[in-house]
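The residues making up each chain are set out below.
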Amino acid sequence: MFSKSFMDELLKPQQLYSHRTMKTVLTRLAHSSIMRLNPASMDRLYELMIMAFKYQVLLSPRPRDLLLISYNHLDAARAFVRDTPAVLNQVDETHRKIIEVYSRLSDGEFQLLRQTLLTFLQDVHTRVSVFLKNQIQNPSGRFVLMTSGPVPAGVDVPGLIRTFDPRGREVGRSEFPPGGTYSGSVGEGSFELSGDRVLRLGQNLQFWFCLVLVEPCGPFSVLQLDRTNPLAKEELNLLARLMGCMKAGSVPAAAPRFRISLFPSDPEEEEEGGAPAEQAAIFQVINIQAVQDEEAASALARIAGQFTDEEAELENPSGSKGDDLLAMMDDL
Amino acid sequence: MFHKEKSIQLKNSASALYNNLSVLRIAPRRLTYFTVVHANVVNMVSTSWDGLNYSHRQLQSKEPNVATSTSLIMQAAFCALPSRDLLVVSSQKGIQMYESDGSIMVYWHALDTPEAPTAHAVFARGISAVSDNYICVGVSSGAVLVFDVPSKGSNITLSEVLEEHKEAITDIASECSGSQEFLANLVTADDGGNMCVWKSGEEFQLLNKIPGLDMTCSSVKLWKGTVLAGYGTGQIRLYEAVTGILHAEVNAHARWIYSLDIAPFSGLLLSAAEDSFVRVWHLSITPETNSVEIAHLHNECVTDTQICGAKFCDGDGYAFAVTGYDLSEIIRYVQS
């Protein structure tokens with residue numbers, strides 16, 4: 001994904017994608033690992049990604065902070081691949097390229113960029129359980145905008161009126177109630193290749209979806225999984241092992257006992273029958289929220305790193321003009 | 001001081017664009033028109049003063065002869081000239097002018113758009129009528145197009161191109177006090193916060209340049225010879241137009257300001273920003289003694305909304321209307 005030709009294509013000036021094109025690109029990215037999602041789950045994943053993206057774009061304190069959010073993303077990617085120098089290099093190159101392309105934009109141009117992104121994200125109000133639980137989103141689907149807290153870098157706390165004489169000397173000062181409780185800015189983050197970004201938006205742990213992991217328990221699980229493709233069972237086994245939930249060395253003769261449900265109302269769960277309450281009684285359900293569970297999140301990070309390992313080096317096709325981004329992705 | 005009234009529902013939500021609300025009061029017919037931009041569509045609502053009748057219309061940004069071409073609209077604004085009212089729509093492709101009810105397009109001006117997308121966006125933004133017969137529209141290159149508008153018909157012509165700004169135009173405003181005594185009657189603002197002050201005529205005359213401090217001026221007004229400018233830093237500044245003297249500076253908002261408006265008969269000022277607040281201020285300007293005062297009167301908070309448009313509905317400031325990003329309604333407030 002961080003290959004030079006893919007990034008070069010991505011960073012060319014171009015019009016905004018439609019939702020359909022965006023979903024196609026993200027579907028291919030999602031399937032570049034061993035993960036396979038049926039259309040319904042892919043739809044849900046897309047909505048989730050869009051809402052997470054919308055949250056970051058909307059709440060970005062200054063338009064230029066979209067860069068800091070992106071650098072938070074890149075810092076996280078760097079952490080995943082730090083043991084693989086070739087890929088680490090690609091991430092660094094990508095970061096350098098982004099700095100080169102975007103650093104020269106003015107604040108006004110960043111705001112235009114943000115406004116265009118907001119147009120793409122308009123009217124999507126999917127409710128995301130991890131956002132609802134953390135009170136980032138209302139039941140109506142709208143994000144919570146605080147009228148308190150630190151002001152962005154370069155902005156003064158509202159409440160002051162100053163008047164000047166023709167020579168520029170201050171001759172009067174008065175205050176007004178700003179309606180919110182604001183405090184001074186906490187300073188600007190670093191826009192360099194590395195540094196303290198200060199901004200927490202875009203940091204890895206906040207935006208992983210909620211995982212519901214089902215613990216092994218009893219013969220019922222065997223029945224459930226019999227219906228699935230044996231290869232899929234093995235893949236799930238591998239995934240579960242990587243997550244460190246199965247004891248090392250245990251090779252169950254019986255079918256594996258894990259189902260990973262990525263979404264609370266997985267259609268497959270419903271198909272396999274039993275009211276949710278019944279299912280909950282049969283299976284022990286552990287809710288893992290990446291925000292709180294460091295261990296699971298870092299295990300996931302390891303997995304993601306291993307997936308990146310497997311991507312082949314992208315061959316530059318012919319470098320001819322008009323290479324479609326999607327065609328590029330066919331080689332991934 | 002103000003209380004909320006019944007909102008007007010829109011056919012779709014407002015886009016995050018500066019000055020994304022325009023209001024035209026038609027006294028003889030006891031109607032008020034509102035326009036709000038959604039991506040490539042202008043939503044128009046016509047409301048009767050008794051609050052009983054609403055009618056909706058949608059205009060798309062389309063080149064007249066190319067059926068399927070659409071582009072994002074940057075701004076839609078009513079231009080009230082002595083002889084006629086027009087609705088001007090500026091987009092990534094060009095500038096369209098309609099009769100004020102949106103029924104007929106009377107003029108279309110295409111921008112020079114390059115074949116392939118370039119690093120700099122091309123669009124028109126910033127719209128204002130000035131003196132008796134001109135409409136000015138800004139362009140992303142920094143140019144300001146001056147159109148000469150006859151009292152009726154579609155014989156609108158491009159009269160002049162003003163090239164003083166180097167950055168994309170954000171907003172344009174004309175002197176709204178109704179008085180002829182002020183030398184300057186137009187101000188143009190850009191992405192870098194730079195402002196130019198002009199006197200209109202067959203050839204527009206540049207009277208003054210007020211340098212920006214690299215902070216975008218997103219909304220500007222001109223009243224009694226005083227420029228009122230709203231910035232991305234949340235500040236409002238008051239300058240004397242022809243001299244550039246800074247009269248006052250207000251740390252008004254915690255986020256980017258999206259809209260300023262003046263009620264010219266009462267001196268009320270409205271400011272609205274991404275921080276969810278709309279604030280009402282009072283201006284006292286006495287040009288003779290060169291005294292300018294600004295006082296805060298009132299706050300309204302539109303919960304969980306980044307406001308993108310706020311306008312008074314009448315010259316006294318008795319009522320005002322507000323739009324927000326992703327909101328499908330026009331919220332109205334009336335003096336208590």
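Residues numbered from 1 in each chain as written. Chains lettered and ligands numbered in written order. Predicted model: local features only at pLDDT ≥ 70, side-chain atom pairs only at ≥ 80, totals over all residues. Heavy atoms only, no water.

Caption draft 1: How the structure looks around the overall build of chain B. Helices and strands together make up the secondary structure of chain B, namely zero helices and 28 strands. Against the globule reference of 20 Å for 336 residues, chain B gives a C-alpha radius of gyration of 18 Å, in line with a compact fold. Each of the three principal axes of chain B carries a C-alpha extent, and together these read 55 × 45 × 40 Å. Here the analysis covers contacts within chain B between residues at least 6 apart in sequence; of these, 49% occur between residues at least 24 apart. Carbon and sulfur atoms make up 47% of the accessible area of chain B, which amounts to about 12100 Å² in all. (Helix = DSSP H or I, 4+ residues; strand = E, 2+ residues; numbered from the N terminus. Rg over C-alpha atoms; globule rule 2.2 N^0.38 Å. Contact = heavy atoms within 4.5 Å. Areas by Shrake-Rupley, 256 points an atom, 1.4 Å probe, with all protein chains shown as cover.)

Caption draft 2: A look at the overall build of chain A. For chain A, the count of helices and strands is 13 helices and seven strands. Considering chain A as a whole, with its 332 residues, one finds that 42% of them fall into the buried category. Within the structure as shown, chain A displays about 18000 Å² of accessible surface, and the carbon and sulfur contribution to it stands at 55%. (Buried < 20%, exposed > 50% of the residue type's maximum accessible area, 1.4 Å probe, protein only.)

Caption draft 3: Inspection of the pairing of strand β10 (residues 124-130) of chain B at higher detail. Counting buried positions over the seven residues of β10 of chain B gives seven, a clear majority of the element. Hairpin connection from β10 of chain B to strand β11 (residues 134-139) of chain B: three residues lie between these consecutive antiparallel strands, with S131 of chain B at a positive phi of about 45°. (Pairing = 2+ DSSP bridges.)

Caption draft 4: How the structure looks around helix α4 (residues 65-80) of chain A. In this model α4 of chain A runs 23 Å from its N-terminal to its C-terminal C-alpha over 16 residues, within 8% of the 22 Å that 1.5 Å per residue would give. Contacts made by the buried residues of α4 of chain A are with α3 (39-59), α5 (85-102) and α6 (107-120) of chain A. (Expected span 1.5 Å × (residues − 1).)

Caption draft 5: Structural view of the packing of aromatic side chains. Residue and element names in this part refer to chain B. Applying the stated criterion to the full structure yields twelve aromatic pairs over all chains. Between the aromatic rings of Y18 and Y258, the centroid separation amounts to 5.2 Å while the plane-to-plane angle is 70°, which identifies the pairing as edge-to-face. Taken together, the residues span a long stretch of sequence, with Y18 in the loop between β1 (2-9) and β2 (22-26) and Y258 in strand β22 (residues 257-263) at a distance of 240 residues. Taking 5.3 Å as the distance between ring centres and 80° as the angle between the ring planes, the aromatic pair formed by Y134 and F204 counts as edge-to-face. Of this pair, Y134 sits in strand β11 while F204 sits in the loop between β16 (195-199) and β17 (205-210), and the two are 70 residues apart along the sequence. Of the residues examined, F204 reaches a relative accessible area of 8% and is grouped as buried. Connected via pairs of aromatic rings, a cluster forms that spans F2, F312, F320 and Y333. Its end group placed over the ring of F277, R279 keeps NZ or CZ at 4.7 Å from the ring centre. (Phe/Tyr/Trp six-rings, centres within 6.5 Å; stacked < 30°, edge-to-face > 60°. Lys NZ or Arg CZ within 6 Å of the ring centre and 35° of its normal.)

Caption draft 6: Quick peek at the interface of chain A and chain B. Across the boundary between the two partners, chain A contributes 50 residues, which contact 54 residues of chain B. Between chain A and chain B the total buried area reaches about 3900 Å² when both faces are included, carbon and sulfur atoms providing 52% of it. Among the residues of chain A in contact with chain B, Q115, Q122 and L145 of chain A are the three that bury the most area, contributing 14% of the side total. At the boundary of chain A with chain B, the tally comes to three salt bridges. As a salt-bridge pair, E274 of chain B and R114 of chain A come within 2.7 Å of each other at their nearest N and O atoms. (Buried area = accessible area lost by both parts, 1.4 Å probe. Salt bridge = Lys/Arg side-chain N within 4 Å of Asp/Glu carboxyl O.)

Caption draft 7: Quick look at the sheet that holds strand β9 (residues 105-110) of chain B. Residue and element names in this part refer to chain B. With antiparallel pairing, four strands are arranged side by side in an open sheet as β6-β7-β8-β9. Looking at the sheet topology across the chains shown, the edges are occupied by β6 (73-80) and β9. Averaged over all pairs of adjacent strands, the angle between their axes in this sheet comes to 15°, without regard to strand direction. Of the pairings in the sheet, the one linking β6 to strand β7 (residues 85-91) comprises seven bridges and is antiparallel in character. Residue pairing across strands places F78 opposite L87, the latter belonging to β7. (Axes fitted to C-alpha atoms, helices over the stretch in contact; angles between N-to-C directions.)

Caption draft 8: Looking closely at the UniProt feature "repeat: WD" (unreviewed entry) in chain B. Those places that UniProt annotates as "repeat: WD" (unreviewed entry) correspond, in this numbering, to residues 250-291 of chain B. For residues 250-291 of chain B, helix accounts for 0% and strand for 62%, while the C-alpha atoms at its two ends are 16 Å apart. (UniProt positions renumbered as here; feature names shortened; annotations may be inferred.)

Caption draft 9: Structural detail: the packing of α3 of chain A against α6 of chain A. Residues and elements named next belong to chain A. Here α3 crosses α6 at 150°, and the two axes come no closer than 10 Å. Here α3 is positioned roughly antiparallel relative to α6, judged by the angle of their axes. Relative to α6, α3 is oriented so that their crossing is left-handed. Counted together, Y46, I50, F53, V57 and L58 of α3 and R114, L117, L118 and F120 of α6 form the full contact between these two elements. (Parallel < 35°, antiparallel > 145°, perpendicular 65-115°, else oblique. Left-handed = near helix turned anticlockwise from the far one by under 90°.)

Caption draft 10: The arrangement of the layout of surface pockets in detail. Residue and element names in this part refer to chain B. Taken as a whole, the second largest pocket encloses approximately 1500 Å³ of empty space. Lining the second largest pocket are 46 residues; nearest its centre among them are A80, A129, S174, E175 and C176. Every element with two or more residues in the lining of the second largest pocket is listed here: β2, β6, β10, β14 (169-174), β22 and β26 (307-312). Ranked by residue count, the leading element in the lining of the second largest pocket is β6, at six residues. Classifying every residue of the lining of the second largest pocket gives 23 nonpolar, 13 polar and ten charged. (1 Å grid on protein atoms, 1.4 Å probe; cavity = no way out; pocket = protein on both sides within 12 Å on 5 of 7 lines; lining within 4 Å. Points joined across faces, edges and corners; volume = space filled by probe spheres on them. Nonpolar A, V, L, I, M, F, W, Y, C, P; charged D, E, K, R; others polar.)

Caption draft 11: Here's a closer look at the pattern of salt bridges. Residues and elements named next belong to chain A. As enumerated under the stated definition, the model contains 20 salt bridges over all chains in all. Residue R78 pairs with D75 through a salt bridge whose shortest N-O separation is 2.9 Å. Separated by three residues within a single helix, R78 and D75 lie in helix α4, roughly one turn from each other. Using a relative accessible area of 15% as the deciding quantity, one classes R78 as buried. For D75, a relative accessible area of 24% translates into the label partly exposed.

Caption draft 12: Summary view of unusual backbone geometry. All names here are of chain B. A positive phi angle, near 55°, is found at D304, a position not held by glycine. You can see D304 is positioned in the loop between β25 (291-301) and β26. D304 gets classed as buried once you look at its relative accessible area, which sits at 18%. Here the phi dihedral of D326 falls at roughly 75°; this positive angle occurs in a residue that is not glycine. In this fold, D326 is placed in the loop between β27 (319-324) and β28 (329-335).

Caption draft 13: Local environment of the packing of α4 of chain A against α5 of chain A. Residue and element names in this part refer to chain A. α5 packs onto α4 with a crossing angle of 170° between their chain directions and a minimal axis gap of 10 Å. Compared by their axis directions, α4 and α5 come out roughly antiparallel. Contact residues: L67, Y71, L74, D75 and R78 in α4; L88, V91, D92, H95, I98, I99 and Y102 in α5. Counted by class, the contact of α4 with α5 contains eight nonpolar, one polar and three charged residues.

Caption draft 14: Just empty space enclosed by the protein, in detail. Tallied over the entire structure, the rule returns two cavities of 30 Å³ or more. Along the wall of the largest cavity there are 15 residues; nearest its centre are L58, R142 and F143 of chain A together with D304 and D326 of chain B. Of the residues in the lining of the largest cavity, the class split is seven nonpolar, four polar and four charged.

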